[in-house]
Amino acid sequence: MRVGLIVDSACDLPYEFSRKHDLFILPVTAVIDGQTYIDEHDPVRTQEFYQSGLLQKGHQAETRAFTAGQIHDLFMERIVTQFDVAICETVTKTRSLIFQNATEAMNSVLAHYEGAREAAGRKGRFFMRVIDSKQIFAGQGLLAAHTLKLIDQKMSKNALRHEVETFTDKIYTCVIPRDLHYIRERARRRGDKSVSALVAFLGKALNITPVIFGQGAAGQPAAKTRSFDAAVEKVMNYAAARVEAGLLTPYVSLSCGLAWTEIEDLPGLNRLRDACERNGVELMLSQMGITSSIYVGPGSLCLALAAEPHSFNDFQ
């Protein structure tokens, strides 16, 4: 039984990791200054976007989920013909239509897959499930890595689905936005009122860089710092200490909306690397994708790990 894992373009993972494990990337449409781009996690295209400045605040940028029809066609062509079981993990359904559209596409595929499988020479029934990851960015990446670990354990499809759905509530995410005004403006365009104008104003006026912390996408300010570097130092200290205390899966996912030279200079990164190496934990370090950068803003950082219930300040 061949099991395939699908993630969307909001999921941040190292490109080499995605290729090694044959992940299927469900694309997202990016519209920047009226021009349409398809985000398929191509690292060359991502680097070009960072260098071009198209992701900066002065540009009109938004993301659009593929329609149910587009997703249906991709599933029929690329998934039904290659896999017997497929798990599709989407960015949290509270922030995107991807889950809704993928679910609609899945229902259509399950009703019409026989002909495509027969033409491809695949025998037997096809099973598929779309799962709301309840995560964003690095959190999605962490869930994907854990899911692949579960797939390797050869558990039944129902047990796999149950384990993945249960695990989503054990992921904790830290986000450091580089520009609160950027996030507020992007949120306003989506109709998302979770970032108030007052918070954005205070962040600009007082040069405050917050650390947003919580389970999945439901984060709250956990720390306020006077600089981005100070916020990064706090997050790296938290992650290193949490690694030493023990994790529920041997991965830490870290995505950064920065050039690779800037990522390597992040304060505390080597301390986190050392903690991961000592404890047999894989640090999945990636450049934030186009979709993620449009959402939270270039220069931002997102870190995710899975652990028992705790607060950010427990590890400061």
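Predicted model only: the values in this text are computed from it and were never measured.

**Quick look at the sheet that holds strand β3 (residues 28-32)**
Stage number 1. A sheet is described by the order of its strands in space; here three strands give the open sequence β4-β3-β5, paired in antiparallel fashion. Two strands in the sheet have a free side with no partner beyond their single neighbour: β4 (35-39) and β5 (61-65). Going from strand to strand, the sheet's axes swing by 25° on average, the running direction of each strand aside.
Stage number 2. In terms of strand pairing, β3 meets β4 through five bridges, oriented antiparallel. Considered in β4, the bridge of V28 is made with D39.

**Section: the packing of helix α10 (residues 228-245) against helix α12 (residues 269-278)**
Between two packed helices, what matters for the description is the angle formed by their axes and the separation of those axes.
Stage number 1. Where α10 contacts α12, the axes come no closer than 9 Å and their chain directions differ by 10°. Looking at the two axes, α10 sits roughly parallel to α12. Every residue of α12 that contacts α10 at E233, M236, N237, A239, A240, V243 and E244 is listed here: L269, R271, L272, A275, C276 and R278.
Stage number 2. When the residues that make up the contact of α10 with α12 are grouped by side-chain class, the tally is eight nonpolar, one polar and four charged.

**Details of the nonpolar core**
Across soluble globular proteins, nonpolar side chains have a tendency to be buried as a group.
Stage number 1. Formed by 71 residues in total, the largest nonpolar core has its most connected members in L5, I6, F75, I79, F126, M128 and I294.
Stage number 2. When residues in this core are grouped by element, the largest group, eight residues, is from helix α6 (residues 138-152).
Stage number 3. Leave out the neighbours within four places in its chain, and L5 touches L23, F24, I87, E89, A144, T147, L148 and I151.
Stage number 4. Formed by 34 residues, the second largest nonpolar core is a distinct cluster that contains C174, A240, I263 and C276.

**Description of the pattern of salt bridges**
Stage number 1. Summed over the entire model, instances satisfying the criterion amount to nine salt bridges.
Stage number 2. Note that E62 and R64 form a salt bridge whose closest N and O atoms lie 3.1 Å from each other.
Stage number 3. For E62, a relative accessible area of 36% corresponds to the partly exposed category.
Stage number 4. The exposure class assigned to R64 is partly exposed, which follows from its relative accessible area of 44%.
Stage number 5. Note that K134 and D169 form a salt bridge whose closest N and O atoms lie 3.2 Å from each other. Highlighted residues: K134 in the loop between β7 (127-132) and α6 and D169 in the loop between α7 (157-167) and β8 (171-176), separated in sequence by 35 residues.

**Side note on the sheet that holds strand β13 (residues 301-306)**
Stage number 1. Taking strand neighbours across the sheet as the criterion, the six strands line up as β10-β9-β8-β13-β11-β12 in an open arrangement whose pairing is mixed. Strand pairing shows two members of the sheet lacking a second neighbour, β10 (218-225) and β12 (282-287), which therefore form its edges. The sheet shows a mean angle of 15° between the axes of neighbouring strands, taken without regard to direction.
Stage number 2. Against the sheet, α10 contacts β8, β9 (209-215), β10, β11 (251-256) and β13, and its axis sits at roughly 15° relative to β13.

**With respect to the packing of α6 against α7**
Stage number 1. Viewed as axis vectors pointing N to C, α6 and α7 meet at an angle of 155°, and their least axial separation amounts to 10 Å. Comparing the axis directions of α6 and α7 gives the class roughly antiparallel. The interaxial crossing formed by α6 with α7 has right-handed handedness. Contacts between α6 and α7 involve L143, H146, T147, L150 and I151 on the former and, on the latter, L160, E163, V164 and F167.
Stage number 2. Residue composition of the contact of α6 with α7, by class: six nonpolar, two polar and one charged.

**Here's the deal with the side chain of S255**
Stage number 1. Note that S255 resides in strand β11.
Stage number 2. Within the structure, the side chain of S255 is placed 3.1 Å from the side chain of D12, a separation counted as a polar contact.
Stage number 3. Beyond its immediate chain neighbours, meaning those up to four positions away, S255 contacts D12, F137, A138, S286, M288, S300, L301 and C302.

**A short note on the packing of aromatic side chains**
To describe a pair of aromatic rings, one takes the distance between the centres and the angle between the planes.
Stage number 1. Under the definition given, this model contains seven aromatic pairs.
Stage number 2. Each ring, one from Y238 and one from F312, has its centre 5.1 Å from the other, and the planes form 35°; the classification is tilted. Here Y238 is found in helix α10, whereas its partner F312 is found in the segment after β13, with 74 residues between them in sequence.
Stage number 3. With centroids separated by 6.3 Å and ring planes inclined at 80°, the aromatic side chains of Y238 and F315 adopt a geometry described as edge-to-face. Of this pair, Y238 sits in helix α10 while F315 sits in the segment after β13, and the two are 77 residues apart along the sequence.

**Brief notes about the pairing of β3**
The side chains of a regular strand alternate, residue by residue, between the two faces of the sheet.
Stage number 1. Burial within β3 is extensive, with five of its five residues counted as buried.
Stage number 2. Along β3, one buried face is formed by V28, A30 and I32 and the opposite face, lined by T29 and V31, is buried too.
Stage number 3. The turn joining β3 and β4, which pair antiparallel and follow one another in sequence, is formed by two residues; a positive phi near 50° is taken by D33.
Stage number 4. Bridging between β3 and β5 involves five bridges; their strand directions are antiparallel.

**Looking at the environment of K234**
Stage number 1. Within the element layout of this structure, K234 appears in helix α10.
Stage number 2. Contact partners of K234, with chain neighbours within four places excluded, come to A223, T225, F312 and Q316.

What counts, and where the lines are drawn
Residues numbered from 1 in each chain as written. Predicted model: local features only at pLDDT ≥ 70, side-chain atom pairs only at ≥ 80, totals over all residues. Heavy atoms only, no water. Pairing = 2+ DSSP bridges. Helix = DSSP H or I, 4+ residues; strand = E, 2+ residues; numbered from the N terminus. Axes fitted to C-alpha atoms, helices over the stretch in contact; angles between N-to-C directions. Parallel < 35°, antiparallel > 145°, perpendicular 65-115°, else oblique. Contact = heavy atoms within 4.5 Å. Nonpolar A, V, L, I, M, F, W, Y, C, P; charged D, E, K, R; others polar. Core = buried A, V, L, I, M, F, W, Y, C linked by side-chain atoms within 4.5 Å. Buried < 20%, exposed > 50% of the residue type's maximum accessible area, 1.4 Å probe, protein only. Salt bridge = Lys/Arg side-chain N within 4 Å of Asp/Glu carboxyl O. Left-handed = near helix turned anticlockwise from the far one by under 90°. Polar contact = N/O pair within 3.5 Å; in protein donor to acceptor, adjacent residues only side chain to side chain. Phe/Tyr/Trp six-rings, centres within 6.5 Å; stacked < 30°, edge-to-face > 60°.

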